[in-house]
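Residue-level structure breakdown
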Amino acid sequence: METRRAPIPAVQSRTNLQVLKRSRAVPKAGDVFVMQLPTGNYLAGRVILANVEPGRSPVPEAHLLYIYREQLAAPQLNYSHLRPDKLLIAPVWTNNVGWANGYFETIDRRELARSDLLQQHCFYRTSTGKYVDEMGGVVSRRTEPCGEWGLVSCSWIDDRISDALVIPRAR
C-alpha cells in the first residue's frame, strides 16, 4: 500500500522588503536596482561585482552589493546619490535570490567608475579573524564601512536595512 505525503507548503520569508518583480536574469556589475520599503518608499542598490569566481569571493558566483541610504518616492534615480559615501549599510555579498524572489528589481545598468567605489573594501573574515578586501586579500587594518566576508540572505539584508532605518524587524 502506497502512502501519499501531503505537499510541503512553500515557506514564505517575512521581510520588510516588498515583492516587486521576480527575475531570473543574472545580475551584472553596474546594475542598479531598487527595493521597496513597507512605507512605499524605495532604496537603491548597485551591483559592484557579479558572479565572482571561486576563491575570489565568499562563495562561487556571489555578488557584491552597495545599498544606499537615500529614500526615493518612486523607482527613479538621482545618480548623485549613488556614491560610496552615501551607503546605508556596509557592502554585502549575496546571491541571485533577491532578484528571483522579486525583492530587488534591476532598473538600469551603468558602467562603474572609480568614483562609484569605496577606496578600500573591508570585510571581516570570521574563519581567520582577519580583515580582507573584495577579492579576499588580507588588508593591514579595518576600514569603514566594514562588512562581513560571507554570503548573506535577503532576510539578513532586510534586518540590517530595518535596523539602519529604525524600522522594527519583520518576524
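The coordinates are above.
Residues numbered from 1 in each chain as written. Predicted model: local features only at pLDDT ≥ 70, side-chain atom pairs only at ≥ 80, totals over all residues. Heavy atoms only, no water.

The next thing to look at is the sheet that holds strand β7 (residues 130–132). Whether parallel or antiparallel, the strands of a sheet pair through hydrogen bonds between backbone atoms. The strand order across the open sheet built from three strands is β7-β6-β8, with neighbouring strands paired in mixed fashion. Of all strands in the sheet, those with a lone pairing partner are β7 and β8 (146–148), marking the two edges. Adjacent strand axes in the sheet meet at a mean angle of 40° when their direction is disregarded. Bridging between strand β6 (residues 122–125) and β7 involves three bridges; their strand directions are antiparallel. Bridging across to β7, Phe-123 finds its partner in Val-132. (Pairing = 2+ DSSP bridges. Helix = DSSP H or I, 4+ residues; strand = E, 2+ residues; numbered from the N terminus. Axes fitted to C-alpha atoms, helices over the stretch in contact; angles between N-to-C directions.)

Mapped onto the secondary structure, Tyr-103 falls in the loop between α1 (97–100) and β5 (105–109). Looking at Tyr-103, the relative accessible area reads 5%, which means it is buried. (Buried < 20%, exposed > 50% of the residue type's maximum accessible area, 1.4 Å probe, protein only.)

Next up on the list: the pairing of strand β1 (residues 31–36). When you tally the buried positions in β1, you get six out of six residues, the bulk of the element. Side chains Asp-31, Phe-33 and Met-35 project from β1 onto one buried face, and the interleaved Val-32, Val-34 and Gln-36 project onto a second face that is buried too. Bridge analysis of β1 against β5 gives four bridges, and the strand direction is antiparallel. Among the inter-strand pairings, Val-32 is bridged to a residue of β5, identified as Asp-108. When β1 meets strand β2 (residues 42–52), the two strands line up antiparallel, connected through five bridges. Counted as the bridge partner of Val-34 is Ala-44 from β2. Linking β1 to β2, which pair antiparallel, is a turn of five residues; within it Gly-40 sits at a positive phi near 95°.

Within the secondary structure layout, Asp-159 lies in helix α2 (residues 154–165). With residues up to four places along the chain from it excluded, the contact list for Asp-159 reads Arg-169 and Arg-171. (Contact = heavy atoms within 4.5 Å.)

Okay, empty space enclosed by the protein next. Evaluated as defined, the whole model comprises one cavity of 30 Å³ or more. Estimates place the volume of the largest cavity at around 50 Å³. Each residue belonging to the lining of the largest cavity can be placed in one class, and the counts come to five nonpolar, two polar and one charged. (1 Å grid on protein atoms, 1.4 Å probe; cavity = no way out; pocket = protein on both sides within 12 Å on 5 of 7 lines; lining within 4 Å. Points joined across faces, edges and corners; volume = space filled by probe spheres on them. Nonpolar A, V, L, I, M, F, W, Y, C, P; charged D, E, K, R; others polar.)

Here we come to the side chain of Ser-162. By the element assignment, Ser-162 lies in helix α2. Judged by its relative accessible area of 1%, Ser-162 is buried. Dropping the residues within four chain positions of it, Ser-162 is found in contact with Asn-16, Ile-167, Pro-168 and Arg-169.

On to the pairing of β2. Most of β2 sits inside the fold, with eight of its 11 residues counted as buried. Where β2 lies against strand β3 (residues 62–72), seven bridges are found, and the strand directions are antiparallel. For Arg-46, the partnering residue across the bridge sits in β3 and is Tyr-66.

Moving on to the environment of Arg-171. Structurally, Arg-171 is set in the segment after α2. According to the relative accessible area criterion, Arg-171 is exposed, its value standing at 62%. Residues Arg-171 and Thr-15 lie 156 residues apart in sequence; the distance between their C-alpha atoms is 7.3 Å. For Arg-171, the contacting residues outside a window of four places in its chain are Arg-14 and Asp-159.

Any functional reading would require information that these geometric values do not contain.
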